[in-house]
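Listed below, chain by chain, are the residues.
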Amino acid sequence: MSETTVNGTPVNLPKPVSAWVDAVMALPRPLLIALDVDGTLAPIVPDPYAATIPPDVRDALGVINAKDSVTLALITGRDASALQRIIDIPEAYRAVEHGAVLIEPGDTDSSSSPSSSSSGPGLTEEQQSRLDAFAAWAETLPDGVRVERKARSVGVHVRVLASDDPGEAQAILEQAAQIARSHNLTPRDGRSVCEAELEPGDKGAALATIMQRSAAMSCFYAGDDVTDYPAIQFAAKSGIGLFVRSAERPHPPEGASGALPGTDALAELLKKLSERI
Ligand SMILES: [Mg+2]
């Protein structure tokens, strides 16, 4: 973060988008461009199932992905089938469920079940029963709570409820974390969501693995939530790690290269990059 002081108080001077485009263009090639999806490429909407990536951003990703000296990766909390519904780029690396599952370019996913399925391939009966037990509790929650079944985790989304009753929404997130632990699942906090995971994914570790496998010399990453912090910090050391701000998460993590004001600014960055890359 470019930082200066006014009357002794540190203030962050935001860089214009064009300056970030210049900075990404200057990174050594081969370059890995890795991106979170929700709240980064796809604006946050009340219903997580209604999230979409704007067509001009998809086009920009297509152009970037077609470039020989660039590798594209999507690193998301979604599972493989949900990611595919939002954006289908089989030529890109896809790290899903917060990096717990990595899909190589050209591979179709075989390790994750559709999010609506109640029995996922690759799960033991015992793992499946823990996820089912948590989901059964979550399904009893009031209207305004959306339960997202994923292959190796279950998400409890409270965004709609939070707009009517923020206190109740927060209480449900805290309860969800407790119930997750009681079923030997790992709770993960996100923006208006608690996810109960079989094993804690790590987006930073996933990004490091993709960087190694793709033989990239440098990397760019952008993300908007706590789960992105390790990837942002890894990218900042290997190129550029940007935080995408929101009213819910206004402050970039320690070690970020900088921050963008929101999804629109990242869309502008990607469009400009696609014209120059
Ligand atoms: Mg996100």
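Some details on the confidence of the model for the protein
Turning to step 1, where the next piece is worked out: Scored by pLDDT, the protein comes out at a mean of 92, with 91% of its residues at no less than 70.
Turning to step 2, where the next piece is worked out: Per-residue pLDDT stays below 50 along residues 110–120; that stretch engages in 26 contacts with residues further than four places along the chain or on separate chains.

Examining the nonpolar core
Turning to step 1, where the next piece is worked out: Residues Ile33, Leu35, Leu41, Leu61, Phe220, Leu269 and Leu270 are the most contacted members of the largest nonpolar core, which totals 42 residues.
Turning to step 2, where the next piece is worked out: Per-element accounting of this core gives the leading share, 6 residues, to helix α9 (residues 263–276).
Turning to step 3, where the next piece is worked out: Sequence-distant contacts of Leu270, defined by excluding residues within four places in its chain, comprise Leu35, Leu41, Val57, Ala60, Leu61 and Ile64.
Turning to step 4, where the next piece is worked out: Membership of the second largest hydrophobic core comes to 23 residues, among which are Leu123, Val154, Ala169 and Leu185.

A few points about the side chain of Arg78
Turning to step 1, where the next piece is worked out: On the secondary structure map, Arg78 appears in the loop between β4 (70–75) and α3 (80–86).
Turning to step 2, where the next piece is worked out: Given a relative accessible area of 7%, Arg78 falls into the buried group.
Turning to step 3, where the next piece is worked out: One polar contact links the side chain of Arg78 to the main-chain carbonyl oxygen of Pro48, over a distance of 2.7 Å.
Turning to step 4, where the next piece is worked out: With residues near it in sequence (within four places) discarded, Arg78 still touches Asp38, Pro48, Ala51, Leu83, Ile86, Val96, Glu97, Glu148 and Lys150.

A short note on the sheet that holds strand β8 (residues 153–157)
Strands belonging to one sheet form pairs held by backbone hydrogen bonds; the direction of such a pair is parallel or antiparallel.
Turning to step 1, where the next piece is worked out: Pairing is antiparallel in the open sheet, where 4 strands are placed in the order β7-β8-β10-β9. The sheet is open, and its two edges are formed by β7 (146–149) and β9 (186–190), each paired on a single side. Put simply, the sheet's adjacent strands are angled 20 degrees from each other on average, direction ignored.
Turning to step 2, where the next piece is worked out: As defined by bridge partners, β8 adjoins strand β10 (residues 193–197) across 5 bridges and the pair is classed as antiparallel. Paired with Ser153 across the two strands is Glu197, which belongs to β10.
Turning to step 3, where the next piece is worked out: The strands touched by helix α4 (residues 125–138) within the sheet are β7, β8 and β10, with β8 carrying the most contacts at an inclination of about 15 degrees.
Turning to step 4, where the next piece is worked out: Here helix α6 (residues 166–182) sits on the sheet and contacts β8, β9 and β10; the angle it forms with β10, its principal contact strand, is near 5 degrees.

A look at the pattern of salt bridges
Turning to step 1, where the next piece is worked out: For the structure shown, the criterion picks out 18 salt bridges.
Turning to step 2, where the next piece is worked out: Through salt bridges that share partners, Arg159, Arg191, Asp224 and Glu248 make up one connected network.

What to know about the domain arrangement of the protein
Turning to step 1, where the next piece is worked out: The assigned domain composition of the protein is domain 1 (14–112 + 201–276) and domain 2 (125–197).
Turning to step 2, where the next piece is worked out: Taken over C-alpha atoms, the centre of domain 1 sits 25 Å from the centre of domain 2.
Turning to step 3, where the next piece is worked out: Taken together, the contact pairs 22 residues of domain 1 with 17 residues of domain 2.
Turning to step 4, where the next piece is worked out: Together, Tyr49, Glu97 and Glu248 form the three largest contributors to the area buried by domain 1 at its contact with domain 2, with a combined 29%.
Turning to step 5, where the next piece is worked out: Between Glu248 and Arg191 there is a salt bridge whose closest N-O contact spans 2.7 Å.
Turning to step 6, where the next piece is worked out: The interface formed by domain 1 and domain 2 contains 16 residue pairs in polar contact (both at pLDDT 80 or more).

Considering the pairing of strand β11 (residues 218–223)
Turning to step 1, where the next piece is worked out: Of all 6 residues in β11, 6 are buried; the element is thus mostly enclosed.
Turning to step 2, where the next piece is worked out: Burial of β11 is two-sided: the residues Ser218, Phe220 and Ala222 facing one way and the residues Cys219, Tyr221 and Gly223 facing the other way are all buried.
Turning to step 3, where the next piece is worked out: Across 5 bridges, strand β3 (residues 31–35) lies against β11 in parallel orientation. Along β11, the bridge assignment pairs Leu31 with Ser218.
Turning to step 4, where the next piece is worked out: Of the pairings in the sheet, the one linking β11 to strand β12 (residues 239–244) comprises 5 bridges and is parallel in character. By the bridge assignment for β12, Cys219 is matched with Gly239.
Turning to step 5, where the next piece is worked out: Each parallel crossover has a hand, and the one from β11 via helix α8 (residues 229–238) to β12 is right-handed.

Quick notes on the packing of helix α2 (residues 55–65) against α9
Two quantities define a packed helix pair, namely the angle between the helix axes and the distance between the axes.
Turning to step 1, where the next piece is worked out: Contact pair α2 / α9: the axes reach a minimum separation of 9 Å and the direction vectors enclose 40 degrees. By the criterion of interaxial angle, the relationship of α2 to α9 is oblique. Crossing handedness for the pair α2 and α9: left-handed. Contacts from Asp56, Val57, Ala60, Leu61, Val63 and Ile64 in α2 reach Ala267, Leu270, Lys271, Leu273 and Ser274 in α9.
Turning to step 2, where the next piece is worked out: Residues belonging to the contact of α2 with α9 are distributed by class as follows: 8 nonpolar, 1 polar and 2 charged.

Here is what the cut-offs are and how they apply
Residues numbered from 1 in each chain as written. Predicted model: local features only at pLDDT ≥ 70, side-chain atom pairs only at ≥ 80, totals over all residues. Heavy atoms only, no water. pLDDT = per-residue confidence, 0-100. Contact = heavy atoms within 4.5 Å. Core = buried A, V, L, I, M, F, W, Y, C linked by side-chain atoms within 4.5 Å. Buried < 20%, exposed > 50% of the residue type's maximum accessible area, 1.4 Å probe, protein only. Helix = DSSP H or I, 4+ residues; strand = E, 2+ residues; numbered from the N terminus. Polar contact = N/O pair within 3.5 Å; in protein donor to acceptor, adjacent residues only side chain to side chain. Pairing = 2+ DSSP bridges. Axes fitted to C-alpha atoms, helices over the stretch in contact; angles between N-to-C directions. Salt bridge = Lys/Arg side-chain N within 4 Å of Asp/Glu carboxyl O. Domains from an automatic or database assignment. Buried area = accessible area lost by both parts, 1.4 Å probe. Right-handed = clockwise from strand over helix to strand, strands pointing away. Parallel < 35°, antiparallel > 145°, perpendicular 65-115°, else oblique. Left-handed = near helix turned anticlockwise from the far one by under 90°. Nonpolar A, V, L, I, M, F, W, Y, C, P; charged D, E, K, R; others polar.

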